[in-house]
Amino acid sequence: MLDKLGAALREHLSDFLKGKTVLEVGPGIEDILFKMLLPSFEGSVPTWYSLDVKYGIVQTLSKREDFASHNYTPILGTSRHIPFGKDCFDVVCGLSSLDSIIDFDGVATQIHHVLKPNGYLIHIQDVGP
């Protein structure tokens with residue numbers, strides 16, 4: 001299933017994300033979203049920040065040499081208190097992460113704060129049968 005999801009994401013998002021500044025919320029221990037998209041960026045990798053609440057996840061992602069060499073920065077924090085200023089990102093995205101938020105109004109306010117005018121929020125839900 002991940003192969004099909006990866007192919008669909010590369011087809012529909014790769015060109016769109018090139019050259020953009022991206023904040024991913026809740027990447028998880030492997031950051032599957034970035035991992036699936038990376039092969040298709042071909043020299044034009046977006047500036048990518050991955051925000052996770054777990055210190056261990058941030059540390060693990062920080063040590064991935066295959067990510068670090070591609071404008072990738074893991075950040076410790078929560079979507080309720082995004083540690084960036086106003087209008088920093090072209091895109092805020094999440095893969096199966098935004099659906100579990102309890103305080104969605106507060107998170108939506110934070111996302112709106114960090115998104116540039118006319119920025120995009122992309123939520124991807126990969127529910128399998």
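The following paragraphs examine the structure supplied in this document. Since we're looking at a predicted model, the values are computed, not measured.

Each value, and the rule that gives it
- For every chain, the first residue of its written sequence is number 1, and the numbers climb from 1 along that sequence.
- Given that this is a predicted model, residues contribute local features only at a pLDDT of at least 70 and side-chain atom pairs are listed and counted only at 80 or more, while totals for whole chains, interfaces and linings are drawn from all residues.
- Excluded from the side-chain calculation are hydrogens and water; included are all heavy atoms of the structure.
- Starting at the N terminus, helices and strands are each numbered in turn, a helix being any DSSP run of H or I of at least four residues and a strand any DSSP run of E of at least two.
- We take the radius of gyration over the C-alpha atoms and set the globule estimate at 2.2 Å times the residue count to the 0.38 power.
- When a residue's accessible area, from a 1.4 Å probe over protein chains only, is under 20% of the maximum for its type it is buried; when over 50% it is exposed; and in between it is partly exposed.
- For this analysis, residues touch if any pair of their heavy atoms sits within 4.5 Å.
- Each accessible area value is a Shrake-Rupley result obtained with a 1.4 Å probe; residue values ignore everything except the protein chains displayed when judging cover.
- Read the arc as the range of directions from the helix axis to the C-beta atoms.

**Re the overall build of the protein chain**
- A count of helical and extended segments in the protein chain gives five helices and five strands.
- Starting at the N terminus and ending at the C terminus, the protein chain contains elements arranged as α-β-α-β-α-α-β-β-α-β.
- Taken over the C-alpha trace, the protein chain has a radius of gyration of 14 Å; the compact-globule value for 129 residues is 14 Å, and the two agree within 12%.
- Overall, the protein chain is about 35 × 35 × 35 Å in size when its C-alpha atoms are taken along their principal axes.
- Out of the 129 residues in the protein chain, the part that is buried amounts to 41%.
- The contacts in the protein chain between residues at least 6 apart in sequence include a share of 79% that link residues at least 24 apart.
- If you sum the accessible surface of the protein chain, you get close to 7,100 Å²; carbon and sulfur atoms cover 54% of it.

**Considering the environment of leucine 38**
- You can see leucine 38 is positioned in the loop between helix H2 (32–37) and strand E2 (47–52).
- Residue classification places leucine 38 among the buried positions, given a relative accessible area of 16%.
- The contact partners of leucine 38, leaving out residues within four places of it in the chain, are Val45, Asp66, Phe67 and His70.

**A closer look at helix H3 (residues 55–62)**
- Among all positions of H3, only Ile57, Val58 and Leu61 are buried. Each buried residue of H3 lies within a common arc of 100° when the element is viewed along its axis, so the set occupies one face.
- Lining the buried residues of H3 we find E2, helix H4 (65–68) and strand E3 (72–76).

**Considerations on helix H5 (residues 104–114)**
- Along H5, the residues that are buried comprise Val107, Ile111 and Val114. All buried residues of H5 lie within an arc of 70° about the axis, which places them on one face of the element. In H5, the exposed residues that point more than 90 degrees away from the buried face are Asp105, Thr109 and His112.
- On its buried side, H5 packs onto strand E1 (21–25), strand E4 (89–95) and strand E5 (115–124).

Taken by themselves, the reported measurements are silent on function.
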